[in-house]
Amino acid sequence: AYGLIPEEDRNRFHYTVGMLLFNTIDGKNIDSIIFLMVDQINHGTTYLSSDQRITVAELNYGAASKAVENSNFAAAFFYSNAAMKLLPENHWESHYDLSRKIFLVLGNAARSYGRIAEATSALDEILKHGKLLKDKLDAYYLKIALLHTHQELKKSFDTCVEVLIQLGETIPATVDREVFVKRAENVLAKLNVMTENDMKTMKSPFHMSLLQFYNRGCFTSYFVQLPMMKWFACRMVEISLEHGFSKYSALGLMWFTMILAGDLIYDVHAGYRVGKIALKLLKRFDANDLLPNAYLIYYSYPAVHIEPIQSCAAMLKRGFEIALSTGDIQTALVNGVQYIQKSFLSGANLSVLKKECDYQMRLVETHFQSMAKMYVLAFQETISMLITREVLSNSTLLDQSKELEFSQAIIFHNVIQNFWLGRWERCLYYAKRSSAPSDIGQLKSIMIIFYGGLSCFQISRKGASKKSKLPKQAIALMKEKGEQSSWNYQSKIYLLEAEILSSLLENDRAKFFYNSAISAARSSKFIHEEGLACEFSALHCLKFGDKKEACILLGQARECYMTWGSQVKVDSVSRLLEKCSG
């Protein structure tokens with residue numbers, strides 16, 4: 001029957017069907033057919049009167065809002081764009097509230113859909129025509145996030161500070177370390193005596209807005225002005241202590257855990273405890289939308305020093321999935337990178353991780369996330385090199401190392417690559433250029449010291465003399481971390497102890513610690529470290545002429561590396577096993 005309708009009359013037919021639905025549907029039930037109805041009406045917008053155009057603009061706005069709720073940002077962009085086009089020329093004067101709502105949902109949908117120019121234009125319209133600061137706050141928030149997403153970090157930070165000042169806050173130009181430590185300790189003391197029942201619910205929308213912008217400021221300042229991130233985090237908790245707690249207070253507590261896990265106070269257990277309180281607050285406020293941000297901070301910093309690293313990786317992956325489903329691409333990808341890092345360090349299968357990197361690379365390229373792309377690309381390269389020694393043709397890691405000379409991320413990957421490829425001198429070269437102890441709370445810094453320390457022993461085993469403080473620093477650090485998490489660090493402690501004893505030619509004691517390292521790594525499911533302990537134990541046995549035991553251990557190492565998925569290590573150990581058996 002539809003085919004019998006002349007083509008030039010079909011738009012009017014769709015429009016008529018849509019208007020019949022609109023005129024007959026009960027307003028309370030409109031959500032159930034809003035997409036069908038609006039799709040039909042939009043075929044005939046040329047038939048609308050001036051008053052009808054506003055009505056249909058409102059319907060398109062409703063459809064766009066519903067699409068955002070369903071995380072269908074492509075549809076939300078389509079409907080909000082249609083709503084905008086239906087507004088009259090003087091809409092900011094004649095229909096101010098509707099205009100603000102339409103442009104806001106358009107800006108949000110376009111940002112999540114990857115239409116950056118349209119998102120920027122829509123948000124700038126609100127900032128230009130908004131009458132009051134409170135009318136512009138949501139647009140400011142999205143604009144700050146948009147700037148961050150596309151690496152305009154300084155501009156994002158400055159805009160955030162500008163809004164906070166407009167809201168009446170006093171933001172310092174610099175942070176005095178001693179003054180700030182006392183301030184943070186005072187905040188921690190207040191938290192230590194509080195119970196969950198003492199955390200009254202925040203009632204003030206104004207202070208909730210403050211917390212939102214401080215949270216955004218924490219995220220941006222982490223990359224451009226780290227001391228300000230700590231100041232912002234502390235201020236978030238202070239506001240909550242004074243005016244009550246909201247879901248954004250939970251994020252303030254999460255950011256505060258980074259202060260506790262860092263060099264200023266360095267109380268990982270306090271940070272872990274405060275993080276647990278924050279997670280309970282998010283549950284209390286049913287704030288599932290903020291879980292990706294909370295998981296990112298908590299499982300990347302305090303929790304990873306206490307809980308099994310595999311558990312932290314699983315929660316970061318969950319944060320990645322939740323953020324992706326809500327269109328928060330930026331938070332999704334940062335969770336994703338942290339998930340890959342933790343999974344890699346826990347010995348997850350390299351082929352599986354490579355597929356995860358490939359998937360995330362498609363996301364960063366689709367959404368033009370240049371900073372996330374650098375981190376994903378670095379893991380792609382490292383994992384590919386450990387599987388087959390392949391160097392990616394599109395890799396820019398080495399070029400970036402010239403631009404970002406010895407930044408911690410570049411150092412981390414150079415240390416990892418060179419260690420597992422047996423380039424001990426190069427591994428030590430980069431490890432020595434790791435950041436100062438102030439960065440010691442970060443997992444990658446800890447692992448740089450661990451692998452650097454092991455490299456020193458391999459250099460000595462070859463007969464070269466390389467004096468370094470790294471072995472002593474590594475064993476001291478692993479023992480310190482082992483007190484917080486034996487699961488994550490005990491096998492590392494045993495392996496370093498074994499290497500020390502082997503270098504001192506204490507055969508029996510060294511064997512005991514090598515066996516302990518193998519057992520501890522197996523117990524913690526660190527298949528790569530189990531293989532490493534077997535391999536190094538075999539080298540120790542060869543040094544003492546025990547070829548039979550060495551062959552057994554090399555066979556075990558090969559099995560571990562096969563499970564890990566590193567053909568490079570399988571081939572390396574196989575060559576050594578062949579030489580040993582011959």
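Residues numbered from 1 in each chain as written. Predicted model: local features only at pLDDT ≥ 70, side-chain atom pairs only at ≥ 80, totals over all residues. Heavy atoms only, no water.

*Asks:* Can you lay out the packing of helix H2 (residues 34-41) against helix H3 (residues 50-69) for me, pointing to particular residues and giving the numbers?
*Replies:* Between two packed helices, the angle of one axis relative to the other and the distance separating the axes together describe the packing. Contact geometry for H2 and H3: axes closest at 10 Å, N-to-C directions at 140°. As far as their axial angle goes, H3 and H2 are oblique. For the crossing formed where H2 meets H3, the hand is left-handed. Residues Ile 34, Phe 35, Met 37, Val 38 and Ile 41 of H2 form the contact with H3, whose participating residues are Val 56, Leu 59, Asn 60, Gly 62, Ala 63, Lys 66 and Ala 67. The residue inventory of the contact of H2 with H3, partitioned by class, reads nine nonpolar, two polar and one charged. (Axes fitted to C-alpha atoms, helices over the stretch in contact; angles between N-to-C directions. Helix = DSSP H or I, 4+ residues; strand = E, 2+ residues; numbered from the N terminus. Parallel < 35°, antiparallel > 145°, perpendicular 65-115°, else oblique. Left-handed = near helix turned anticlockwise from the far one by under 90°. Contact = heavy atoms within 4.5 Å. Nonpolar A, V, L, I, M, F, W, Y, C, P; charged D, E, K, R; others polar.)

*Asks:* Tell me about the confidence of the model for the protein chain, and please be specific about residues and values.
*Replies:* Per-residue confidence for the protein chain averages 91 on the pLDDT scale, and 94% of its residues sit at or above 70. Note on residues 400-406: pLDDT is under 50 here. Beyond four places in sequence and across chains, it has ten contacts. (pLDDT = per-residue confidence, 0-100.)

*Asks:* Help me get a handle on the environment of Glu 549, residues and values and all.
*Replies:* Counting through the fold element by element, Glu 549 comes out in helix H28 (residues 547-564). Along the sequence, Glu 549 and Ala 538 sit eleven residues apart, while their C-alpha atoms lie 7.1 Å from each other.

*Asks:* Describe empty space enclosed by the protein, and please don't skip the residues or the numbers.
*Replies:* Summed over the entire model, instances satisfying the criterion amount to four cavities of 30 Å³ or more. As for the largest cavity, its lining consists of 13 residues, of which Arg 111, Ser 112, Thr 149, Ile 329 and Gln 369 are closest to the centre. Elements with a contribution of two residues or more to the lining of the largest cavity: helix H6 (96-113), helix H8 (133-149) and helix H17 (329-345). In the lining of the largest cavity, the residues fall into three nonpolar, eight polar and two charged. Quantified by volume, the second largest cavity comes out at close to 60 Å³. In this structure, the second largest cavity is lined by Val 304, Ile 309, Leu 345, Leu 443, Met 447, Asn 488, Tyr 489, Lys 492 and Phe 526. For the lining of the second largest cavity, a count of residues per class yields seven nonpolar, one polar and one charged. (1 Å grid on protein atoms, 1.4 Å probe; cavity = no way out; pocket = protein on both sides within 12 Å on 5 of 7 lines; lining within 4 Å. Points joined across faces, edges and corners; volume = space filled by probe spheres on them.)

*Asks:* Describe unusual backbone geometry, and please don't skip the residues or the numbers.
*Replies:* A positive phi angle is found at Asp 286, which is not glycine, with a value near 50°. Along the polypeptide, Asp 286 turns up in the loop between helix H14 (268-284) and helix H15 (291-300). On the basis of relative accessibility, which here comes to 60%, the residue Asp 286 falls in the exposed class. (Buried < 20%, exposed > 50% of the residue type's maximum accessible area, 1.4 Å probe, protein only.)

*Asks:* Lay out the nonpolar core with the relevant residues and their values.
*Replies:* What tends to happen in soluble globular proteins is that the nonpolar side chains get buried as a cluster. In terms of nonpolar packing, the biggest core is built from 192 residues, with Phe 213, Phe 232 and Phe 256 touching the most fellow members. Setting aside anything within four residues of it in sequence, one finds Phe 256 in contact with Ala 184, Val 187, Leu 188, Leu 191, Ala 233, Cys 234 and Val 237. (Core = buried A, V, L, I, M, F, W, Y, C linked by side-chain atoms within 4.5 Å.)

*Asks:* So, the pattern of salt bridges: which residues are in play, and what are the values?
*Replies:* Scanning the entire structure with this criterion turns up 19 salt bridges. Residue Asp 158 is joined to Lys 154 by a salt bridge in which the shortest nitrogen-to-oxygen separation is 2.8 Å. Linking Asp 158 with Lys 154, this pair stays in helix H9 (residues 153-166), spanning four residues, or about one helical turn. On the basis of relative accessibility, which here comes to 34%, the residue Asp 158 falls in the partly exposed class. Note on Lys 154: relative accessible area 51%, which makes it exposed. Note that Arg 509 and Glu 506 form a salt bridge whose closest N and O atoms lie 3.0 Å from each other. Note on Arg 509: relative accessible area 47%, which makes it partly exposed. (Salt bridge = Lys/Arg side-chain N within 4 Å of Asp/Glu carboxyl O.)

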